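Each chain, letter by letter, is given below.
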Amino acid sequence: MSFNHVAIYRLSSQSIGRSSGKSVVACAAYRAGEKLKDETIGKTFNYEKKQGVYCSDIIIPKDAPEYLKDRQMLWNCVERSETRLNASLAKEYQLALPIELSHEVKVDLVKTFAQREFVDHGLGVDMAFHDFDSDNPHCHLMVTTRLIDADGLSKGLKPTFFRERDYLINLRKSWEISVNQCLGYHNISQRVCADSYRKQGIDLDGVC
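Residues numbered from 1 in each chain as written. Predicted model: local features only at pLDDT ≥ 70, side-chain atom pairs only at ≥ 80, totals over all residues. Heavy atoms only, no water.

A few words now on the pattern of salt bridges. As enumerated under the stated definition, the model contains 11 salt bridges in all. Here Glu 34 and Arg 71 are joined by a salt bridge, their closest N and O atoms 2.8 Å apart. A residue pair is termed long-range when its members are at least 10 positions apart, and Glu 34 in the loop between helix H1 (24–32) and strand E2 (35–38) and Arg 71 in helix H2 (residues 71–81) qualify at 37 residues. A salt bridge links Arg 146 to Glu 82; its shortest N-O distance comes to 2.9 Å. Taken together, the residues span a long stretch of sequence, with Arg 146 in the loop between strand E7 (138–144) and strand E8 (148–149) and Glu 82 in the loop between H2 and strand E5 (88–96) at a distance of 64 residues. Residue Arg 146 shares its accessibility class with Glu 82, and that shared class is buried. Taken together, the salt bridges that share partners define one network made up of Glu 34, Arg 71 and Asp 126. (Salt bridge = Lys/Arg side-chain N within 4 Å of Asp/Glu carboxyl O. Helix = DSSP H or I, 4+ residues; strand = E, 2+ residues; numbered from the N terminus. Buried < 20%, exposed > 50% of the residue type's maximum accessible area, 1.4 Å probe, protein only.)

This prediction gives the chain a mean pLDDT of 91; 91% of its residues lie at or above 70. Taken as a whole, residues 1–5 scores under 50 in pLDDT and shows 9 contacts with residues more than four places along the chain or in a different chain. The low-confidence segment residues 201–208, where pLDDT is below 50, has 7 contacts with residues more than four positions distant or belonging to other chains. (pLDDT = per-residue confidence, 0-100. Contact = heavy atoms within 4.5 Å.)

Below is the structure:
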């Protein structure tokens, strides 16, 4: 497989939590390029001048309260729902998006993926799309670690599938399949692969 004929693949993951001293409200404000107040600490984070934000959106389960589509409300509810000092507040996934696709198709691709992988399992997803007019278009998905139902954020036990051994491997494969199906549907020959370049047999020596 030739390196020059492979579209860029990326799905990386990190946890956003109190143990690292992060405000999940601040993280959401930065990614969306907005001004949000973290009501638990009484501090406002203003990133309205941030460059490169193409658009942002929030999707939640169909029976969830409409107020959770408000970014400030959603993440302040998340902050208030946790009492532990080392609580995990969100999981973040960063996805590289194929430059070969139109901007509208890139957004639809991510929304479909987020709906299937997270929202259909009862979680909320805050999406921020960045750098669409560059050679590095990508998206940040901030996913709630608590289920959301008709009453809002669940006060029960958190789902554990995030911690399953093969969860991230399977998620990365699912993104590979989603991207390649989309590329094929739009008659684009490039394909992505979740495997490492070494596993794919691609030699990057001398590639800048």
